[in-house]
Amino acid sequence: MLELVNLGKSYGGRAVLAKLSHRFEPGEFVAVMGESGVGKSTLLNLIAGLDAPDSGQVLVDGIPMSGLDDDAATLLRRTRMGFIFQAFHVLPHLTLAQNVALPLLLNGKPDPARAARMLDAVGLAGRGNDFPRQLSGGELQRVAIARALVHRPALLLADEPTGNLDPETADGILHLLRAEIKESGAGAIMVTHSHAAASLADRTLVLTRSGLKLA
Ligand SMILES: Nc1ncnc2c1ncn2[C@@H]1O[C@H](COP(=O)(O)OP(=O)(O)OP(=O)(O)O)[C@@H](O)[C@H]1O
Ligand SMILES: [Mg+2]
């Protein structure tokens, strides 16, 4: 379902990713670890088509992301992907309920009950009418997780989804995340610095200067 073929990406003449190839199977939950600055967030952005590689290709269901125009890439992301950003990107002028419901709304499938269930599931029951500024960092992270899962994406891309959570909350959230993707048969790529988080994945890869390797 997802294949990286000889991906290369440089910033300011400095190669971050070079000749990176890997195949992810449908329904696989893969953790990606690796030291800070090695290119993990860059890799997720390339997979989502939020950034373009300098060389090589990202194939989603055999279709090269680079061959899609902006509208087609946006549609693919909106319908098939869920993204948990390292910096949350929760929309400040929408309530928590509206933030979580947004992917369903954009896909023309509004389902307030599902959105409310996801908010409950991440431990924010009754907070739906609050605004993001009223939340702690860890609570914002949980809103972002609920939003990424609400429309049952075929591929979840998660960038340190529990980086701001205490170990116990993180464990609960990761079990929820795993249950949601396994129930819908979705694949997931989760970047994490936590071995406890990675242990919930089906397999763990380490990104180094020389590529993606099995941990
Ligand atoms: N838009 C950009 N412009 C210039 N350099 C960038 C840009 N985005 C990333 N980089 C550089 O690319 C390298 C990889 O960044 P990236 O964010 O992918 O690392 P990471 O593995 O996610 O690190 P962390 O674990 O700290 O989140 C870093 O050296 C970073 O400075
Ligand atoms: Mg990062």
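A. How the structure looks around unusual backbone geometry. In this model, His89 sits at a positive phi of 55 degrees, which is unusual for a non-glycine residue. Within the element layout of this structure, His89 appears in the loop between strand E6 (81–84) and helix H3 (96–106). A positive phi angle is found at Arg152, which is not glycine, with a value near 50 degrees. Among the secondary structure elements, Arg152 is positioned in the loop between helix H5 (137–149) and strand E7 (155–159).

B. Spatial organisation of H3. By the burial criterion, the buried members of H3 are Leu96, Ala97, Asn99, Val100, Ala101 and Pro103. Buried residues along H3 sit in contact with helix H2 (70–80), helix H4 (112–121) and H5. Directly beyond the C-terminal end of H3, a positive phi value near 70 degrees is found at Gly108.

C. Representation of the sheet that holds strand E9 (residues 203–208) within the structure. Taken in spatial order, the six strands make up an open sheet running E6-E7-E8-E3-E9-E10, and their pairing is mixed. The two strands at the open ends of the sheet, each matched to only one other strand, are E6 and strand E10 (211–214). Strand-to-strand, the axes of this sheet are offset by a mean angle of 20 degrees, without reference to chain direction. Here strand E3 (residues 29–33) pairs with strand E8 (residues 187–191) via four bridges, running parallel.

D. Expanded view of the packing of H3 against H4. Taken N-terminus to C-terminus, the directions of H3 and H4 make an angle of 125 degrees; their axes are 9 Å apart at the nearest point. In terms of orientation, H3 and H4 fall into the oblique class. Considering how the two elements wind past one another, H3 and H4 form a crossing that is right-handed. Residues Leu96, Ala97, Val100, Ala101 and Leu104 of H3 form the contact with H4, whose own contacting residues are Pro112, Arg114, Ala115, Ala116, Met118 and Leu119. Each residue belonging to the contact of H3 with H4 can be placed in one class, and the counts come to ten nonpolar, no polar and one charged.

Parameters and conventions
Residues numbered from 1 in each chain as written. Chains lettered and ligands numbered in written order. Predicted model: local features only at pLDDT ≥ 70, side-chain atom pairs only at ≥ 80, totals over all residues. Helix = DSSP H or I, 4+ residues; strand = E, 2+ residues; numbered from the N terminus. Buried ≥ 20, exposed ≤ 12 C-beta atoms within 10 Å, placed from the backbone. Contact = placed C-beta atoms within 7 Å. Pairing = 2+ DSSP bridges. Axes fitted to C-alpha atoms, helices over the stretch in contact; angles between N-to-C directions. Parallel < 35°, antiparallel > 145°, perpendicular 65-115°, else oblique. Left-handed = near helix turned anticlockwise from the far one by under 90°. Nonpolar A, V, L, I, M, F, W, Y, C, P; charged D, E, K, R; others polar.

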